[in-house]
Amino acid sequence: DIFSRDYDLDIGGCVGNAWNLLKNNFGIIFGGVAVFLLIQGGLSGLGQIPFVGLVFSLASVILAGPLTGGVYYFMLKGVRRQPMEIGDVFAGFRLAFGQLFLGYIVGAILAGLSALPGVAIMAIPIIAMIRQNAAQAGLILVAVLGFIIAMVPAVYLSVSWIFSLPLIIDKQMGFWPAMSASWRM
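Reading guide: rules and limits
Residues numbered from 1 in each chain as written. Predicted model: local features only at pLDDT ≥ 70, side-chain atom pairs only at ≥ 80, totals over all residues. Heavy atoms only, no water. 1 Å grid on protein atoms, 1.4 Å probe; cavity = no way out; pocket = protein on both sides within 12 Å on 5 of 7 lines; lining within 4 Å. Points joined across faces, edges and corners; volume = space filled by probe spheres on them. Helix = DSSP H or I, 4+ residues; strand = E, 2+ residues; numbered from the N terminus. Contact = heavy atoms within 4.5 Å. Salt bridge = Lys/Arg side-chain N within 4 Å of Asp/Glu carboxyl O. Buried < 20%, exposed > 50% of the residue type's maximum accessible area, 1.4 Å probe, protein only.

### Focus on the layout of surface pockets
And step 1. Reported here for the largest pocket is a volume of approximately 1300 Å³.
And step 2. Cys14, Leu76, Val79, Arg80 and Phe163 are, among the 34 residues lining the largest pocket, the residues nearest its centre.
And step 3. Contributing elements (two or more residues each) for the lining of the largest pocket: helix H1 (11-24), helix H2 (26-46), helix H3 (53-79) and helix H7 (164-171).
And step 4. With seven residues, H1 is the single largest residue contributor to the lining of the largest pocket.

Rendered as structure tokens:
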């Protein structure tokens with residue numbers, strides 16, 4: 001339905017509406033986003049602990065999609081002028097845990113895989129410079145080129161799939177149809 005109709009994108013209106021939403025709901029928005037950031041930051045920090053950090057890093061990967069989807073759900077309720085509760089941040093676990101997890105992890109894996117050719121191009125001159133214990137302008141240029149080759153497809157795919165999690169949580173779509181719809185948008 002959304003693909004068949006035309007739309008106007010008023011950037012100023014979007015920013016103005018976002019500012020009004022924040023002004024009128026600052027406490028609840030601050031609280032909901034703070035809960036999200038504390039959980040993500042806590043898991044990341046705990047992931048740095050030797051040995052047990054692996055468990056927290058794995059938990060972070062498993063929880064990131066549903067938690068992010070919950071934040072989208074929380075914010076969409078605000079945009080639609082529906083009552084918001086800080087508990088809505090956890091709605092992703094209740095409404096679409098599996099699909100949000102898959103949408104997050106599949107998108108991340110595919111974006112990461114798309115960067116591998118550039119990473120290989122970047123790694124070869126870096127390894128050569130380490131072995132020679134000297135930096136060379138030509139090798140540095142090839143490493144920078146490899147970095148660019150790695151980043152372009154990874155950023156492109158990440159941006160293409162930016163609407164996947166909001167579509168999953170809001171429209172109850174499966175992860176692959178949501179990724180496809182996000183790509184088309």
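### Details of the side chain of Lys77
And step 1. Tracing the backbone through its elements, the reader meets Lys77 in helix H3.
And step 2. In this structure, Lys77 is in contact with Gln82, Pro83, Met84 and Asp88, ignoring residues within four places of it in sequence.

### Considering the pattern of salt bridges
And step 1. For the structure on display, the rule yields three salt bridges.
And step 2. When the shortest N-O distance is used, the salt bridge between Lys77 and Asp88 registers 3.1 Å. In this pair, Lys77 sits in helix H3 while Asp88 sits in the loop between H3 and helix H4 (91-95), placing the two residues 11 residues apart along the sequence.
And step 3. The exposure class assigned to Lys77 is buried, which follows from its relative accessible area of 14%.
And step 4. Among the salt bridges present, the one from Asp170 reaches Arg80, with a minimum N-O distance of 2.6 Å. Taken together, the residues Asp170 in helix H7 and Arg80 in the loop between H3 and H4 connect sequence positions 90 residues apart.

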